[in-house]
2 protein chains.
Amino acid sequence: MGIIVQKYGGTSVATAEKIKNVAQSVIREKNKGNSVIVVVSAMGHTTDYLVKLASEISPSPSNREMDMLLSTGEQVSIALLTMAIQAAGHQAVSMNAMQVGIITENVHSKARILDVKTEKLLQNLNDGKIIVVAGFQGVTPAGEITTLGRGGSDTSAVAIAAAIKADRCDIYTDVEGVYTTDPRIVPNASKLEQVSYDEMLELAYLGANVLHPRAVETAKQFNVPLRVRSTFKPDDLGTLILGVKNMEIYKPVTGVAADSSQARIVVCDVPDKPGVSAKIFSALAAKNISVDMIIQSYARQSNNTNDVAFTVSSDDVEKVLEILEPIAKELQASNVHVNDNIAKVSIVGAGMVDRPGIAADMFKSLADAGINIKMISTSEIKISCLVDKQNAKEAVKRLHEVFELGCGEIAEVKGDLPNF
Amino acid sequence: MGIIVQKYGGTSVATAEKIKNVAQSVIREKNKGNSVIVVVSAMGHTTDYLVKLASEISPSPSNREMDMLLSTGEQVSIALLTMAIQAAGHQAVSMNAMQVGIITENVHSKARILDVKTEKLLQNLNDGKIIVVAGFQGVTPAGEITTLGRGGSDTSAVAIAAAIKADRCDIYTDVEGVYTTDPRIVPNASKLEQVSYDEMLELAYLGANVLHPRAVETAKQFNVPLRVRSTFKPDDLGTLILGVKNMEIYKPVTGVAADSSQARIVVCDVPDKPGVSAKIFSALAAKNISVDMIIQSYARQSNNTNDVAFTVSSDDVEKVLEILEPIAKELQASNVHVNDNIAKVSIVGAGMVDRPGIAADMFKSLADAGINIKMISTSEIKISCLVDKQNAKEAVKRLHEVFELGCGEIAEVKGDLPNF
């Protein structure tokens, strides 16, 4: 008997039939004696439809009006899901962000949550009602409607769970949990029963699309136990994400991830003097470009220059080249080189810290497979290697095997293979 | 230079192209040096679509959740229209009912407006912005979302105009104004330049579908000058509706209307004693049935009984018969008779009061045409006659001619003939 926050994404509420199924899933939790708050996204392709409408009106609609427009999608979902729960004989009430008081900063299209008011939520829970809250949206202290950007509904759910001190936040999705690696690449990838916030964060950033890193960060900050589980298999407990894993989970590596959405940029032969890196990365930061791996090689003794290499999202390459052009000239760089035929393969595990040799094992197994490593970057719980895109799949398979992550079963998976 | 409130209905904003046209119409008013507040309805068939969605979820969705659902339609419209105005280079801002503070009573699906806050409206107008407000919706003092029911957006516009002390409220629609009668029946019906609130109210209640009576009542109460005009003919001034017409407008009859949506009910041979009518009409009122014309004949001397006849909306007939069954038994009525093959033909005019003989002229011209009058009811500015449905069209034509309402022109009209 506690408070459970559930979150269902757009595909889970795409049709009237699916909404009725979600209603049953909500009621199951309620019937266990729990108080239930449900967070939902907009139905299926609603957001795409609204974006298209806006594009017919204006080539560059203002972010404020886009938020006004898009936030209607979630409001439709909460009304319909509440009707479905009521039709099944349970008390329920829908609330949009303004009614709950999901307070955000005054930034449109990607606002961060500052506070979630609990007064009205608690009042409705005390009345025995299931509460259905609109995800993805917020309101500023001045009453402006905002949206939270990518991963918004997951973040709404976690923030509400944190504010109301929920016992758990269940993220219902179309996969069964978090896997040791992509089951489309390694069919015997095993579902993780537990994973720590930090590991999940690394996995999320490294290309595992199950949860947005932002939601994981919020869960970590407020210590909200998160469960990723399948909308279609209600009895499967999925993967629990929490602060510290149980002691018996001892494998040093938890998962293997691959991300082929990045490109490597090398600024060649820049002078080896203070301020060079700062100039390059300040300029990129000023234009809001996220840089991932950064490598600066040893200075060449011959001419006192070196190369600065880094990775960015493939989508940003054009913008990056534009920004770098004047800087490369100023620094008398010999060349700016782009390679988007790359993939980043990473291993993640909280157990790495006190286990020497994990990195060496990784490099050795890639070398054994004849895979060349182009760049390396590490954190306390992660090692990433940049390899040629065509080697990514093989690299993932090898690493998954070497670190003994497989299970006996062959996972049943849908969807296309990632485009390596 | 004043404040103008404009209202555009669902057909005026049905597509991206139409929304752009409305934006131009708004900007034209702004360019005259006026401050402009625009009230819009949901796009075209949005409301029907949402109602259908709800019906797929639940046979009887709660009014609260229907309001939550339907109010999204207007929110989509205000975002898109604001984008269109901005794309045309003007400052604009959208506001939903919660943001404006359109306060209603705590009744879902047909709430009445209690108050419209002007603080934020004035602030935005002072900043030089065009404000686009969602019609049809409101919010209770406790923050519940409500809708206003039929004629809601017209009423929103008038209420905002009243609160902000606007110089005028322009209701843009697909007709060019208020006509002396339906131009589909009488091709030389003339457009009225001016009409008084009271006349417009009678015309609205009598079947002229241009404006909802509720909006007219609100305009009358707060003395808001209303203009009904065409979205597609911006230079046409349409019809001005105001408190007192100009002195030179002297015709005793302003318009002729016909309404074939009613049915006549006669409760036959009830005792002629106090309390009989009260019993019948209290029972109907308790079930929220609106009764229009009521006639009680002279008591028959022979058996001391009489007949009570009245008209109700055809849609209500079944419900009325159900309500009347036990009462008719109790009163020992000989029969309850229904006739829905009737139409109500009315003449309206503020000039009738001090012109004797208008009623006689009406009855005589119907008699000359061989049209039998089945019931008569009058008010200070209106005379209505119930006739057989097949005679309604001819009756309208005759009366329009007798009271000299025609103009030289033949109106160009679209749409089907009313179903007489």
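1. A closer look at helix H6 (residues 152–163) of chain A
Residue and element names in this part refer to chain A. The end-to-end C-alpha distance of H6 is 16 Å, a good match for the 16 Å that 12 residues give at a rise of 1.5 Å each. Every buried residue of H6 is accounted for by Gly152, Ser153, Asp154, Thr155, Ser156, Ala157, Val158, Ala159, Ile160, Ala161 and Ala162. Lysine 165 sits one or two positions beyond H6 and adopts a positive phi of about 55 degrees.

2. Some points on the relation of the copies chain A and chain B
After a rotation of 179 degrees and a shift along the axis of 0.0 Å, chain A superposes on chain B with an RMSD of 0.1 Å. The superposition operator between the copies reduces to a two-fold rotation axis. Residue A:Thr72, judged by its C-alpha, is the member of chain A lying nearest the rotation axis, at 2.7 Å. Here 98% of the contact residues of chain A are again contact residues in chain B; the copies associate through an equivalent surface.

3. What about the pairing of strand E12 (residues 239–242) of chain A?
Residues and elements named next belong to chain A. Neither face of E12 is open: one carries Thr239 and Ile241, the other Leu240 and Leu242, and all of them are buried. In terms of strand pairing, strand E10 (residues 194–196) meets E12 through 3 bridges, oriented parallel. In the sheet register, glutamine 194 faces E12, and the bridge partner there is leucine 240. Direction of pairing for strand E11 (residues 226–230) relative to E12: antiparallel, over a ladder of 3 bridges. If you follow arginine 227 over to E12, its bridge partner there is leucine 240.

4. Re the interface of chain A and chain B
Of the residues lining the interface, 41 residues belong to chain A; the matching set on chain B comes to 40 residues. Summed over both partners, the interface of chain A with chain B comes to about 3100 Å²; 66% of that surface belongs to carbon and sulfur atoms. Together, A:Ile57, A:Glu65 and A:Met83 form the three largest contributors to the area buried by chain A at its contact with chain B, with a combined 22%. Connecting chain A to chain B are 0 salt bridges. Listing elements by their share of the side of chain A that touches chain B, those giving two or more residues are helix H1 (16–31), helix H2 (46–57), helix H3 (63–87), strand E3 (92–95) and helix H4 (97–100) of chain A. It is H3(A) that contributes the most residues to the side of chain A that touches chain B, 17 residues altogether.

Rules used in this analysis
- Residues numbered from 1 in each chain as written.
- Chains lettered and ligands numbered in written order.
- Predicted model: local features only at pLDDT ≥ 70, side-chain atom pairs only at ≥ 80, totals over all residues.
- Heavy atoms only, no water.
- Helix = DSSP H or I, 4+ residues; strand = E, 2+ residues; numbered from the N terminus.
- Expected span 1.5 Å × (residues − 1).
- Buried < 20%, exposed > 50% of the residue type's maximum accessible area, 1.4 Å probe, protein only.
- Least-squares fit on C-alpha atoms with pLDDT ≥ 70 in both.
- Contact = heavy atoms within 4.5 Å.
- Pairing = 2+ DSSP bridges.
- Buried area = accessible area lost by both parts, 1.4 Å probe.
- Salt bridge = Lys/Arg side-chain N within 4 Å of Asp/Glu carboxyl O.

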